[in-house]
Structures are given as C-alpha cells and as structure tokens.
Amino acid sequence: MSFKAAISRLDRVSKIQKQYNAFTYLNPNCKELLVKDGLCNTKKPLTNLLYGIKDNIATRNIPTSCGSKLLQSYKSPFDATVVKLLENAGAVSVGKTNLDEFGMGSGGLFSHFGPTKNPLFPSQDTVVGGSSSGSAAAVAADVLDFSIGTDTGGSVRLPAAYTSLIGFKPSYGRISRFGVIAYAQSMDTVGIFSKSMSVVKSVFGILDKYDKKDPTSLSEGLRGKLKQLSTPKSSYKIGIPQELLQDNIPSELQSGFLLALEKLEASGHEIYCVSIPQMINSLPIYYTLAPAEAASNLARYDGLRYGYRDDTADSKDDTLFAPTRSAFGNEVKSRIVLGNYNLCSESFDNHYIKAQRLRVDLINEFDNAFTHPNILTGSPGNQNGVDFLISLSTINLPPALSNYGPDCTSDPTNPYINDIFTTPMSLAGLPAINVPVVKSKPIGVQLVGQYGDDSRLLDLAAELL
Amino acid sequence: MLQLARSFGSRIAKKGFHFLPDFKLKCGLEIHTQLSTQNKLFSLSTNDPFASASLPNHHTSFFDVSLPGTQPTLNPEVVLLATKLAVALNSRINMNSRFDRKHYFYADQPMGYQITQHYSPFAKGGFLELSGSLDTIDEDFKRIELVQLQIEQDTGKSVYRGSEGRSLIDLNRSNVPLIEMVTQPNFTDLKQVRAFIKKYQNLVRHLGISTGDLETGAMRVDVNVSVNEHPRVELKNLPNTSSILSAVKYEYQRQVELIQSGETDRYSGFSETRGWTGSSTVKLRSKETTIDYRYMPDPELPSVKLSPSAVQSVAQSMPELPDAVLRGLMSEPYNLTLKDAKILAIKGNGHDQLYTQTDLLKFYLDTFNCYSELSGQRLNPKLPTNWIIHELLGNLNRLQLTLAKAAEAFPPQKFAELLMLIQDDKISKASGKLLLFHILDETNTSSLAQPVDLGALIESFDLNTIEKIDMNELKEICIGIIDEISDPKLIEGIVSGKKKNSLKFLVGQGMRMSQGRIKPYLFEQAFKDLLEVKW
C-alpha cells in the first residue's frame, strides 16, 4: 500500500473510532512506522499495510486489556509471536481492537470499553458480532487493510459475516498462540479479517509458522506432510451438512446461500448433501468444554501480580480474591460459574468427560466426510467423501443493538445459538472461512476444509468473490 | 503458655511411648521430591528454589508469574529423572502420561491451579524393599508398595510478616519440578518409617535426581496414620525425620485415646488433615471443608510419550543401586562391615562435601584392585578400608582438601603402593601416616598435581624401617628411656611381672623416639634383657 493512501486512512481513525468504538487502544507511533514510497530498499511483504490486533493478544508497546476491567491498562512485557511476525513483515499496527471480554460473547457488546457497532449500518446502531468485534468493524470501516482476531467458537467468522468481510479461521495449530491470552485454548485460533483475499493469503503466509514457544503449534514434520498432500484440483466435491440446514433462516440469507451454491456449480464444482450427526451436539459440547477451560484459565486474575486489584480487600467471606474478581463482567462470571460446575467432582464424569468423548466422535464423523486424510488422527480419508463443506455462517442478520439486550437477559442461552454453525469446526480444529456473498451486505457463507487443507480452502473461497 | 504446652506435648510424645497390641498402627507416606534439574518444569528459568533470601522472585520467567499469554513447555530433563526414579522403584512407567490442572486459590499459586498428573500419572505400582540386615528394621524383609509417581509443579512461598500485617510472595520456587510419590499404607511401626525415609533419601541422592534434604524442603514428607482401620488422618508440615516420627507417635496415642474413650464415632467417616506444632498435632481441615480441586486435563500440554526402548536405555545408563552396592562391599573380596560400607555408599546431605560418594567408592574400588594385584595371596582387605575410610577421609577433612584434588597427586595406584610398603613393613604405620599427611598437605598448599614419587619421599624423610640395628645403640636408647622414668614403682611392677602392661609404655616411648622405624618387638626384647625380666 502506498504511503499516501495509508496516511489518508489513518486520518479517518479517530472519526471512525467515535462512531463505532472499534479500538481499545491506539498506537501513538503508528504514522512514524510508515515507510515513505521509494525510501525502502528492501520491500517487505506487508510494508505499509495497516492492521489492528484484537486486544487479547499481547503487545509490548500498547496495553493488552482483553476488554476487561481486570486487565485495564495492563502492559505485557513481551510481544505475541504473531505481533513479531507481522512487524518483521513490515505491517503497521494501528492499535488494539475491541472485543467481548476475554473473547466471551458473540455480539461485541460485553466489553469494559463499551460495545462496538457495525459500520455496515451507519445510521442505526447495529450488532457487529463478536467476539472479535473491533477487528471486524475497523476493517469494514476501511481504516485497516486487515486485522487479527481470535476464533474459539466462531469469533472471527460471525463478525466477518455481519460486516461482509472475509474472515478466516485456519486449522488449529498453524498460527502460534504464544501471547494470545487463553479463553479455551483447545480451540482458540488466531484468525484474519480483510476485504481482499490476496491480503488474507499473504498475511496467512507470514503467520503460518511453527513456534516452539507454543506447545500446540503444528510441528515442522507435519507441516511438511501437509504440503505434499495439498494438490489443487479444478473441480471439487462440496458437501452441505444437512444438520446445518436450519428452519427460520431469513430469506435474504437463504437466497445468499443459493447464490453461493450456483456460483460454485458454475465454476465446475459438484454439490452434495452430507450428514454429520454429531454436529447437533456441538453447542452442548462447546458450552461444556469452553467454559471449563475458561474457568481454569481465568483463575490467574487475582490482582496480586498485575492488573486490577480491589482497593480494600483480597478476600471476602473467606473466599480469596472475591473482591477483585467481582470486577469481571456478567458474561464472564456466568461462564466461570458454568465451567466450574462442569469441573466439580460430582459432574466431571457426566459433563466434561462425556463432552470430550462426543468431541472425538464428531472429529471421527468429519474424517469420514472428507476425502482428504487427517494427519492428526491418521484417518486416510474417505474416497466417497467430499473435499469441502459449505453452510451459512450465521442463522440471522445482525440485529439492531436495541434488540439484542433483552434477548440475553431473558434467556441466557439464546445468544449461544448464534454459534451453531461455527462451533463444530472449532471443536474439530478445522480450517473455516466466512466469504461475503453480496458486497456490503451481512450475508456470508462458510467454507470448511479437512484439517490442514487451508491453502486449497483459500483458493476455493477466492472463487466465490 | 506456649512453653507449658510444649513440655506437656513432648512428654506425651517421648516418655513411655509404646505400641499397644490391640491398636494396630497403619501408615502411608506421601513424599514430594524436588528434582535437581537445570531449569524449571515448564519454563527456562533457573531451578534454584533456595536462591538467597535477598533475591526473592529472581528466578522467575513470564510463565512462572503466570503472565497472560504465556504457555508451558515441558522440560525433558524432568522426564529423564522421573524415569530413573521409576525404574529404581520398580514402578510401571506409563508410556503416555498426561498433565492435569488442580485448581485452588492461594497467593503463592500464581495460575490459580497447579499442573500435576491426576488422571494418568507417570508411573504406577512399584516398591522399595527394606531389609533387617541393611536398614535397621525388626523384620528380615519389609516391602513397601507404592501407589504411584506423578510429576508436578511446586508452588511459590508465602512469607508472613505479622508485624506489618501482610504477607510477601516469593516465586523462586514456583514451577520447580516435583515428583510426588505415594506409598500404600504398609508401615506398621516407626522403624520402618524411619528406614524408608532414609533409604528413599539416599536413593534420590544416589541417582543424582535430588538433594533429598528435608531441612530445606527439597524433600517433604506427609504421613497418613490410622489405627485399627479407623478413618485415616493426614499429617502435614513435618520438617524433619524426628518431627515425622514424633508426630506419628503423638497421633497414634491421640487416636488410641479417642478409640478407648469411644469418641471415634464423632469423627467416623471424616478423614482429617492435621499439622505438627513441634509438640502436638492440630487440626488443619476435615473432610467437610475439603476443597474440590476441579481437576481438568490440561488443554494444551501434550502427553508425555515414551517408548520402551527409551526407558530401557535410561535403565542401562543407571548406576548400580545402593542395596546392591552395599551387599557387594559386604561380601568377598571386600568384606566390609555395614558401617564402613555405608560410609562408601550412602550419601550425606551434600553440603560442603569434599567428595561425592560415587567418587569415593570409585577411589576405594580402584585402590583395592591395584592393591589386590600387588599383594596377591597376601591380601588383607582391612588395609585399604582402614587407610581410605579412616586415614584418607580424616586428612581430607582436616585439610579441607577435595578427593578429586588429592587423587591427582595420589592416585589409587600410588595409594596401593603405600599400602604395600606398610604391609611389607618397609615403613612403619606411623611413618605411613606421616607420609600420607605430608603428601596431602603439599597437594593442598602447592597444588601439587604430579603423582608423587613415594620412594624418593621415603628416602628424603629417612622413613625407611631401620633394617640393621646396632644392638648397642638400641640398648643406649632403652637405658635413656628407663632413666627418664621418675616412678620407680613402674619399673618394679614390670620386673616382678605384676604390671606387665607397663612394658608396653616403655615400648611406646621407644617407638616415639625412633618415629616407628624400629620394630616394637625389638624394643620389647631389649627392655626385657635390660631389666632382666623373667616372665
């Protein structure tokens, strides 16, 4: 991107921020980091590309808050691996983007910094989707070339769909999580937002590296194996999981879905109907495992070593750290309670272990649906299977902000239904991408590949644009 | 008040203690052992939990203080040491063990959970065998079975400052690798408990996996005690062997009294955790208030995968185990006493030691071999034992000289030569002692690194036994000694044969004057001739 274009984007940041609340912290040195055209001898792959990074990813120069009062103005002494890689590639950070506290939420409303709003609807405050709400909003508002989010159960794909962006969640383990503040790390995945597929591809190219600091990073050996497996074809078999064909889907979304299918058929791909029965259990599995991991991961926020600490006391009614920890938002609190309930000794076998078992069943069913082998499970692939899966990314269009609130107070599980299309892939660690079907409309389809089939998935997604 | 409580308590614990035949003691141990690895369990910070108190929170990485966004990476050295221990304890090693999180809030627990192995521990089963001949127990053999071995993190340390009304947290110990070993409740008396602790302690030192010190907390022992199958009580905060034994005694008597008074019903069904004050056990918590640790498999740490061949090669690389070493030393050709064998094979606490047991044992065995070649049929196994265990070690301590340095100047071959000179009466024992001390002293002060030339030294100090004795000269010396005696009764006693032992005194004087270079029997004969002793 040219220096001039970058400057003119930066000039709009403060106005956009006022309108949509996309950022938690802005990078004060942003302009100085831009390289004047022609000055740079060795042009780096992402030189002068502007990006924002979700505020649950550690950065040394700007605070890292997770959208929480508990970490308000916390400054990490180290950079996340993704931050280092992007910096080395010449990309320029505009700031940290807003999010649902610790990544928990699908609306972008549960942040200590207030809700983020959807730039597709400048005249009416509309839900942008979460939890990577600010990452989506800032790209949609054209102040960034790309942004980094995290996707645990749909937190990149859902806001991407609501803001008409490409939102890519790669296979689990391809991008380092070192420095990514854990919500549920058996699913937490760094993802990429952009309007341009070529930008998504080059950013993924920069970030798709083994990192020895991340114990879940995909090993060099397996990466080599993946490269050998990835042979592009001109015609793919694409399956529609019947479990993801839901009733009561708005007609705009339905016709968007059909439009995508027609496009794919027109470019020579074949559409099939497939069944992955365990998908219907995805939400209960997800909402058993993710809160359990969250309850565990968030146990460290006691205020003693960093972050917010209650002024008056460290314990209340014999409960250590209760005064400090009561500063978590309500959504986080209820997930911690739920998670601890799932882990307590009376329910562990009934809930957590059962959910783990069903998760394995789900992965086996995915393996059975794909022709591509799964290098992690050792599944050789099913010759009668499909290459990719397709579904809608969301069950609805983004609601107005004013309609969102009552829903979640009357029935706390209601907003979780938004994750119905996205959680199965998170549980299986599969690469999945939201592709906008109609320009500037919140209508997106989700394409899904077998584990590790990321590059062919991106090529296929490009055909839909 | 405290003083009174103390003396009352210690009287109970010490005086008149005996096990009552109708009240059977049943004990199990839970031992936490800090591993002496270079780095911590899941981070690269230095494993030095006892860094001087002036450097609190010095050995802490971002992970150790639980900064957001950090992740654990398993230190492979921990797996190596755990494997050694499991092999030595005959445990079945789990080829695919996993880590779990144990949740509880505490100020020195920075993550809000401890990473441990709850569901799938590193090793299961195994045993440590105690024997009457080696371990001071009443039974000929007593096998203590093990439940499991698990790898886990140590916590930080809280330092309470009562006067300031606050506590300080030191995380140097946080994330230090521990192995928790749990035994079956196989102990039925205190000797077994003491012997097991000593034996286990020596084992971890012998394998080089821990300092095994109770005083520093590198090894921590919890004991569970039950009497006549009543619910067990777990005893914690036991800083050393004597408090472990005293606490068990105290707890045994307390439980017996409860049973005798019929009060156990009040407690039945509740297992209790009690601490040790130094004089009595006090309730810390009981079952009703037990924390639910909400164990969860760690969602990001990979399982510890081992192959049988890897375990095999670790087993082959291990030194001979202490019991085998002891038994070897106590049989042909060494024939050491248990006490001497333990000096060579049982590790001390390792603080400011001048040698390791491994080095000492090697020096002994090498010297023994050289000596046995030189002496052939005339081998006297006591000679190397006495000269190494008593003379050499005594001198090393006196000179604060390390065995390694001593061995450079005075290697086993030379030591064996010295033994031969003594055995063949080429030099007297006294001269031998002088010579050994001189060599070590020189080594210490002038860093003499060249192996010494014994012959030249003996020449230069004129230490050779005097082969040809001028009988007149001998007579002169003896007369001189007799003249010096101021007590005529002494001489009378010798002549009359009433105080035969006094002759030894005269011989001793002669030995001293000749620095041992004239054989004592020559003196004895000369004195007898002079005094015309008839007996």
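Residues numbered from 1 in each chain as written. Chains lettered and ligands numbered in written order. Predicted model: local features only at pLDDT ≥ 70, side-chain atom pairs only at ≥ 80, totals over all residues.

**Topic: the overall build of chain B**
Working step 1: Helices and strands together make up the secondary structure of chain B, namely 19 helices and 17 strands.
Working step 2: Here the C-alpha radius of gyration of chain B, 31 Å, is well above what a compact globule of 535 residues would show, namely 24 Å.
Working step 3: With the principal axes as the frame, chain B shows a C-alpha extent of 95 × 55 × 50 Å.
Working step 4: Counting over 535 residues, chain B shows a buried share of 37%. (Helix = DSSP H or I, 4+ residues; strand = E, 2+ residues; numbered from the N terminus. Rg over C-alpha atoms; globule rule 2.2 N^0.38 Å. Buried ≥ 20, exposed ≤ 12 C-beta atoms within 10 Å, placed from the backbone.)

**What to know about the overall build of chain A**
Working step 1: Within chain A one finds 16 helices and 13 strands.
Working step 2: Judged by the C-alpha coordinates and their principal axes, chain A covers about 65 × 65 × 50 Å.
Working step 3: The burial tally for chain A puts 55% of its 465 residues in the buried class.
Working step 4: Within chain A, residue pairs in contact and separated by at least 24 positions form 74% of the contacts whose partners lie at least 6 positions apart. (Contact = placed C-beta atoms within 7 Å.)

**Brief notes about the domain arrangement of chain B**
Working step 1: Domain annotation of chain B identifies domain 1 (25-227 + 289-297), domain 2 (322-460) and domain 3 (471-531).
Working step 2: Here domain 1 of chain B and domain 3 of chain B have C-alpha centroids that lie 65 Å from each other. (Domains from an automatic or database assignment.)

**Some remarks on the confidence of the model for chain B**
All names here are of chain B.
Working step 1: The predicted model of chain B averages 88 in pLDDT, with 92% of residues at 70 or higher.
Working step 2: Of the regions scoring below 50 in pLDDT, residues 1-14 engages in twelve contacts with residues more than four places distant in sequence or in other chains.
Working step 3: The complex prediction reports pTM at 0.88, with the ipTM value standing at 0.96. (pLDDT = per-residue confidence, 0-100.)

**Topic: the interface of chain A and chain B**
Working step 1: Chain A puts 32 residues into the contact, and the matching count from chain B is 26 residues.
Working step 2: When residues in the side of chain A that touches chain B are grouped by element, the largest group, three residues, is from helix H10 (residues 282-297) of chain A.
Working step 3: Within the side of chain A that touches chain B, the residues separate by chemical class into 17 nonpolar, nine polar and six charged. (Nonpolar A, V, L, I, M, F, W, Y, C, P; charged D, E, K, R; others polar.)

**Some details on the nonpolar core**
A general feature of soluble globular proteins is that nonpolar side chains tend to end up buried together.
Working step 1: If you look at the biggest cluster of nonpolar residues, it comprises 125 residues, and the most contacted ones within it are Tyr 51, Val 82, Phe 146, Phe 193, Val 200, Phe 388 and Leu 447 of chain A.
Working step 2: Sorting elements by how many residues they give to this core places H10 of chain A first, with eight residues.
Working step 3: In this structure, Phe 388 of chain A is in contact with Tyr 236, Ile 238, Leu 447, Val 448, Gly 449, Leu 457 and Leu 460 of chain A, ignoring residues within four places of it in sequence.
Working step 4: Counting 54 residues, the second-largest nonpolar core is a separate cluster that includes Leu 81, Ala 195, Val 204 and Met 219 of chain B. (Core = buried A, V, L, I, M, F, W, Y, C linked by C-beta atoms within 7 Å.)

**Overview of the environment of Ser 97 of chain B**
All names here are of chain B.
Working step 1: Within the secondary structure, Ser 97 sits in strand E3 (residues 96-97).
Working step 2: C-alpha of Ser 97 to C-alpha of Pro 121: the two residues are 24 residues apart in sequence and 5.5 Å apart in space.
Working step 3: With near-sequence residues (within four places) excluded, Ser 97 lies in contact with Gln 117, Ser 120, Pro 121, Phe 122, Ser 303 and Val 304.

**Remarks on the UniProt feature "active site" (unreviewed entry) in chain A**
Residue and element names in this part refer to chain A.
Working step 1: Mapped onto this structure's residue numbering, the UniProt feature "active site" (unreviewed entry) falls at Lys 54, Ser 131 and Ser 155. A maximum C-alpha distance of 11.0 Å among these annotated residues, which run over 102 residues, shows that they cluster at one spot.
Working step 2: Take Ser 155: it is sitting in the loop between strand E4 (146-151) and helix H6 (157-162).
Working step 3: In this structure Ser 155 touches Gly 103, Gly 130, Ser 131, Ser 132, Gly 149 and Thr 150, once residues within four positions along its chain are discounted. (UniProt positions renumbered as here; feature names shortened; annotations may be inferred.)

**Some words on unusual backbone geometry**
Working step 1: Omega for the bond connecting Gly 130 of chain A with Ser 131 of chain A falls within 30 degrees of zero, at 10°, which places this linkage in the cis form.
Working step 2: Within the fold, Ser 131 of chain A resides in the loop between strand E3 (92-97) and helix H5 (133-140).
Working step 3: The omega torsion of the bond from Glu 332 of chain B to Pro 333 of chain B falls at -5°, within 30 degrees of zero and hence cis.
Working step 4: Tracing the backbone shows Pro 333 of chain B in the loop between helix H8 (322-329) and helix H9 (338-345).
Working step 5: You will see that Asn 248 of chain A, though not glycine, has its phi angle at about 60°, which is positive.
Working step 6: Assignment of secondary structure puts Asn 248 of chain A in the loop between strand E7 (237-241) and helix H9 (251-266).
Working step 7: With 6 C-beta atoms packed within 10 Å, Asn 248 of chain A lands in the exposed category.
Working step 8: Phi is positive for Glu 229 of chain B, close to 65°, though the residue is something other than glycine.

**Considerations on the sheet that holds strand E2 (residues 50-54) of chain A**
Residues and elements named next belong to chain A.
Working step 1: Overall, mixed pairing links the eleven strands, which are arranged E1-E3-E2-E4-E6-E5-E12-E13-E11-E7-E8 in an open sheet. Both outer strands of the open sheet, strand E1 (23-26) and strand E8 (270-274), are each paired with one neighbouring strand and no more. Between one strand axis and the next, the sheet turns through 25° on average, direction left out of account.
Working step 2: In the sheet, E4 pairs with strand E6 (residues 189-194) via six bridges, with the strands oriented antiparallel. Looking across to E6, one finds that Phe 146 is bridged to Ser 194.
Working step 3: Against the sheet, H5 engages E1, E2, E3, E4 and E6, with an angle of about 155° to E4.
Working step 4: Lying over the sheet, helix H7 (residues 197-207) contacts E4, strand E5 (166-169) and E6, oriented at roughly 150° with respect to E6. (Pairing = 2+ DSSP bridges. Axes fitted to C-alpha atoms, helices over the stretch in contact; angles between N-to-C directions.)

**What about helix H4 (residues 190-206) of chain B?**
Residue and element names in this part refer to chain B.
Working step 1: With 17 residues, H4 extends 24 Å from end C-alpha to end C-alpha; this agrees with the ideal 24 Å at 1.5 Å per step.
Working step 2: Within H4, twelve of the 17 residues are buried, which leaves it mostly tucked inside the rest of the structure.
Working step 3: Positive backbone phi, approximately 70°, marks Gly 208, located one or two places after H4. (Expected span 1.5 Å × (residues − 1).)

**Thoughts on the sheet that holds strand E4 (residues 100-103) of chain B**
All names here are of chain B.
Working step 1: The antiparallel open sheet is built from three strands, whose spatial order is E5-E4-E16. With one partner strand each, in any of the chains shown, strand E5 (113-116) and strand E16 (296-297) form the two edges of the open sheet.
Working step 2: Strand direction decides the pairing type here: E4 and E5, joined by four bridges, are antiparallel. Across the sheet, Lys 102 pairs through a bridge with Gln 114, a residue of E5.

**Points about the environment of Tyr 286 of chain A**
All names here are of chain A.
Working step 1: Here Tyr 286 shows up in helix H10.
Working step 2: Residue classification places Tyr 286 among the buried residues on the basis of 25 C-beta atoms within 10 Å.
Working step 3: Through-space distance from the C-alpha of Tyr 286 to that of Ser 132 is 18 Å; in sequence the pair is 154 residues apart.
Working step 4: Sequence-distant contacts of Tyr 286, that is, excluding residues within four places in its chain, are made with Gly 153, Asp 419, Thr 423, Ser 426 and Leu 427.

**A closer look at the packing of helix H16 (residues 471-484) of chain B against helix H19 (residues 520-531) of chain B**
Residue and element names in this part refer to chain B.
Working step 1: Where H16 meets H19, the closest approach of the two axes is 10 Å, and the angle between their N-to-C directions is 70°. The orientation of H16 relative to H19 falls into the category roughly perpendicular. When the axes of H16 and H19 are compared, the crossing they make is right-handed. From H16, Leu 474, Lys 475, Cys 478, Ile 479 and Ile 482 reach across to H19, where they touch Leu 522, Phe 523, Ala 526, Phe 527 and Leu 530.
Working step 2: In terms of residue class, the contact of H16 with H19 is made up of nine nonpolar, no polar and one charged. (Parallel < 35°, antiparallel > 145°, perpendicular 65-115°, else oblique. Left-handed = near helix turned anticlockwise from the far one by under 90°.)

**Looking at the environment of Leu 392 of chain A**
Residues and elements named next belong to chain A.
Working step 1: Mapped onto the elements, Leu 392 comes out in strand E11 (residues 388-392).
Working step 2: By the C-beta count within 10 Å, which is 25 here, Leu 392 ends up buried.
Working step 3: Excluding anything up to four places from it in sequence, Leu 392 contacts Ile 249, Leu 253, Phe 257, Phe 421, Val 445 and Gln 446.

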